[in-house]
Structure formats: structure tokens, C-alpha cells
Amino acid sequence: MRALVISGGGSKGAFAGGIAEFLIKACGYQYDLFLGTSTGSLLVPLLSIGEIDKIKAIYTSVTQNQIFDVSPFYITEEDGVKHIKINHFNTVKMFIRGRKTFGESMALLKLIKKIMTRYDFERMRQGDADVYVTVSNLTTGEVEYKALKLSTYEDFCEWIWASANMVPFMSLLEKNGCQYADGGFADLVPISEAIYRGASVIDVIVLKSSQPRQKKENVRNALELMTRTFDFIMNQIANDDIKIGKLEGGRRKVDLNFYYPPGILTENSLIFDPAEMKQWWKDGFAFAKEQNPVCKCVDVGV
């Protein structure tokens, strides 16, 4: 059984999309299992039915307004480097409304339903591949893996949405008496779950650089401090997921193929810049072509 696992990583999902396009289109890999977390959960459903061009069109054109209805920050740029600052008006507005988060991402749920239609969903349910997305149940303190084939269309759209919602910046899903958020809080790189479900060959796309991280500038405001803290935590979770996955893979003799960005794509994956993401998709495709010893000579355009 061959599986494709895509980690969380926000806007960096465009790089993962480029890699996945190469593996599916150029290499012709047929996957029995697709498993994603956060941005990975946005990618894997359409990848499972070969709708690569459709998901690519979204990842190379999406803007902040298509993710956030109420953004808790605004973006500034200095010397070509993007920074985020607190949008005090919006955060106060959320507080006055009695919301539990600083921002709201209902727009993302609408986008998910737009790009994954009911027709697409039925094709996924009838297909041979199994699709799972990772969510964090904040009520029980446990990670859950939601199966597409065991869900209704509305439910699965919400599970994808919850998996991609990094609270407290984005919305909190309240469902079945529980509160759900970004799957990356519990399992950012769900390799072990793919092994548990019987995969013997796993292509793992990890949206963190394998290179040592350089010293960063000191944070400028409370929001940057919070996002950097989340980035640090997610990085440690990813490291643990990979270590555990490698140990379990070695024990069960699973063939693990890792794909990492060769460098730091962005310091803030909640910034969605269409031009950057379009380039990252191209870079991901080119990187996979260079790294894959089997398919590097296949000529497929992007």
C-alpha cells in the first residue's frame, strides 16, 4: 500500500502541491491512502481524484480575504520582508461580539465548499483511495483522524476547515459537543497514522526546512511573538512526529521517502501572497524532479 502524507504549513502548502503534482503526474504514483494535516488536509481530497489543476488554481491565486472574514492582523513590508501587526479594530470587534478567537475564517469554509463540490466528494467516496484529515479535539485533548468515506459532504468540509484553523487567529469549530482546531497541534506530520493504517511505502511532504534555522530578528510586537511561539511549538511537534515515524517505519520495514523545502519559504505561513505561492508551486515541482531518482528525467510541464 502506498500513501501520501502532507504536513501542515499554511501558505507553504503551495510548495507541497508542486511536489504532489510531480509525484502523481510525472511519476504516475497511484496512492491507496492520502493523509493530511492543516494545509495538507486542503490538498489531499482533490489530489485523491487527480484534480491537480483545480487545487493548483486555488493555491496560486488565493488571497487573505478568501481565508479571513475578520483578520486579526494586517501586513506591512519593509525592505522586501513582510511583517504582521495586530489589527486592534478587528480584535476588539471580535471581543465585543463575544467570539472565542481573535480572527474569523468563515471565508475559508466557503472556499472549501467552492473548490470541493458535492460531485467531487462523491467521486472521492467512490474512488479506491482512502482520504483522512487530522483534527485536534481541544475538549478531549486527543487527536482524531476523520475519514472521508465515513463522513457526509457537509461534515467533511467542516473537518477540513477545522484541520486548517490555527486558533486563536482563526475560527474554532464547535461540533458534536466538542471544540476542534488545527490538526497540527497534535500531529503535524501524520506518518505514524499512515503506518498504522497499513502503508508500506510512504511519500512524506514536510513543510519545514531540513536545514538549520538561522538566527531571527527580535520580535516587534505581541502578535509576532505569538506567531513565532506557535512556529517554535509546531517545529518541535514536527521533529517528534518525524522521529517517531522513522522509528515505527524502521520497525515495520516501511519505505519512507521524505521531501523537505531546501530553505525557509516564509517566516509567517498565515500570509497568503498569490505571487509567492505561484512561485512556490513551481519550486516544489522542480525540487521533486531534482530529488526523485526514479522520475527526474520525466518531462512534465507546470
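The following refers to the structure shown. This structure is a prediction, so every number in the text was calculated from the model and none was measured. What you see as residue numbers is a count from 1 along each chain, following the sequence as written. This being a predicted model, a pLDDT of at least 70 is required before a residue's local features are given, and a value of 80 or more before pairs of side-chain atoms are given or counted; all residues contribute to the totals for chains, interfaces and linings. Each side-chain value is derived from all of the structure's non-hydrogen atoms; neither hydrogens nor water enter the calculation.

### Examining the packing of aromatic side chains
Counted only if it meets this: Between rings of Phe, Tyr and Trp, where Trp is taken as its six-membered ring, a pair exists when centres lie within 6.5 Å; planes separated by under 30 degrees are stacked, by over 60 edge-to-face, and by other angles tilted. Classification of residues uses two cut-offs on accessible area relative to the type maximum, computed with a 1.4 Å probe and protein chains only: under 20% is buried, over 50% is exposed, and between them is partly exposed.
Counted by the stated rule, this structure contains 12 aromatic pairs. Residues Phe258 and Tyr260 carry aromatic rings whose centres are separated by 5.9 Å and whose planes lie at 15° to one another, so their mutual orientation is stacked. Classification of Phe258 as partly exposed rests on a relative accessible area of 22%. These aromatic residues form a ring-pair network of at least three members: Tyr29, Tyr31 and Phe34.

### Some points on the side chain of Ser269
Stated precisely, the cut-off is as follows: The helix count covers DSSP runs of H or I at least four residues long, the strand count covers runs of E at least two residues long, and both are numbered beginning at the N terminus.
Inspection of the secondary structure puts Ser269 in the loop between β10 (255-259) and α10 (274-291). A relative accessible area of 19% means that Ser269 is categorised as buried.

### A closer look at the environment of Gly263
Checked against the element boundaries, Gly263 lands in the loop between β10 and α10. Placed 53 residues apart in sequence, Gly263 and Ser210 show a C-alpha to C-alpha distance of 7.6 Å.

### Re the nonpolar core
The following threshold applies: We define a nonpolar core as any set of buried Ala, Val, Leu, Ile, Met, Phe, Trp, Tyr and Cys residues linked to one another through side-chain atoms lying within 4.5 Å. Any two residues whose heavy atoms approach within 4.5 Å at even a single point are treated as in contact.
Within the largest apolar cluster, 93 residues are counted, with the highest numbers of intra-cluster contacts made by Leu4, Leu23, Phe34, Leu47, Phe156 and Ile202. Sort the elements by how many residues they give to this core and helix α1 (residues 13-26) lands first, with 9 residues. The residues touching Ile202, leaving out its near neighbours within four places in the chain, are Ala3, Val5, Ile191, Ala194, Ile195, Val254, Asp255, Leu256 and Asn257.

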